[in-house]
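Survey of secondary and tertiary structure
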Amino acid sequence: MSREVHVVSHPLVQHKLTLMRRTKTSTSQFRQLLEEISMLLAYEVTRDFPLSLERIETPLMEMDAPTIEGKKLVVISILRAGDGILNGILKVVPSARIGHIGLYRDHETLQAVQYYFKVPQDLSDRDVLVVDPMLATGNSAAAAVERIKAKGPKSIKFVCLLAAPEGITAFHEKHPDVPVWCASVDQKLNEKGYILPGLGDAGDRLFGTK
Ligand code: URA
């Protein structure tokens, strides 16, 4: 299937998201909530991972027990706010490999310019989650995924907290094969590229920089 959008509507996710949106929520609460929601998103996003049986010994007997097949998951964070989601995913998939990608928008060309790119060397045969809390215009998400695709991973999913309809459309124009997972598809973007109703600047709220 292409152009998939999955909204995780679990009540715990939705309740925590409401707390995150509130202006009065503190930096430490915001950080904690993003970590908690990201754990729950990870639970849903990894639901289709195939299992195979491994012969193990319990203290009482041998058994064939399920384990996740294949190579370790790779989580690639789009700097800087992506690290908030990364930290939550690592709580439930502690053995995941980690990558970072840094992009800024050139004010003249409006293109995403890469200033940092470090991902595990061999991405072939690996499932990748690309993470960034806000899918707003979709430009940086699309640029990040383009660079990651060039490394030939087995699969890519994009995981965010909030997505704007415009951002989803723009992202899927370039990458119809990459499913988007989020906690909410909000109303729209404003003229400055912020998601409405949104939660403000995710990076500033996460790191307390404003
Ligand atoms: N990035 C943010 O941090 N917030 C938005 O609303 C849009 C992009």
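Residues numbered from 1 in each chain as written. Predicted model: local features only at pLDDT ≥ 70, side-chain atom pairs only at ≥ 80, totals over all residues. Heavy atoms only, no water.

1. Some remarks on the nonpolar core
Quick note on the threshold: By convention a nonpolar core is built from buried Ala, Val, Leu, Ile, Met, Phe, Trp, Tyr and Cys residues, the set being connected through side-chain atoms within 4.5 Å. For every residue, the accessible area (1.4 Å probe, protein chains only) is compared with the maximum for its type, and the residue is labelled buried under 20%, exposed over 50%, or partly exposed between those bounds. Helix and strand assignments follow DSSP, with helices taken as H or I runs no shorter than four residues and strands as E runs no shorter than two, numbered in order from the N terminus. Whether two residues are in contact is decided by their heavy atoms, any of which lying within 4.5 Å being enough.
Formed by 35 residues in total, the largest nonpolar core has its most connected members in Met20, Ile89, Val131, Leu161 and Leu199. Elements with a minimum of two residues in this core: α1 (11-21), α2 (27-45), α3 (82-92), β7 (127-131) and α6 (202-207). Ranked by residue count, the leading element in this core is α2, at seven residues. For Leu199, the residues in contact, after removing those within four places along its chain, are Met20, Arg21, Phe30, Met134, Leu161, Leu162 and Arg205. Grouped together as the second largest cluster of nonpolar side chains are 25 residues, Val74, Leu103, Val130 and Cys160 included.

2. Some thoughts on the side chain of Arg205
The condition that has to hold: His is not counted here, nor are the chain ends, while Lys and Arg score as positive and Asp and Glu score as negative. Each reported salt bridge corresponds to a side-chain nitrogen of Lys or Arg within 4 Å of a carboxyl oxygen of Asp or Glu.
Turning to its location among the elements, Arg205 is positioned in helix α6. The side chain of Arg205 sits in the buried core without any salt bridge; Asp201 is the nearest counter-charge, 8.6 Å away. Those residues in contact with Arg205, other than ones at most four positions away along the chain, are Met20, Arg21, Arg22, Thr23, Thr25, Thr27, Phe30 and Leu199.

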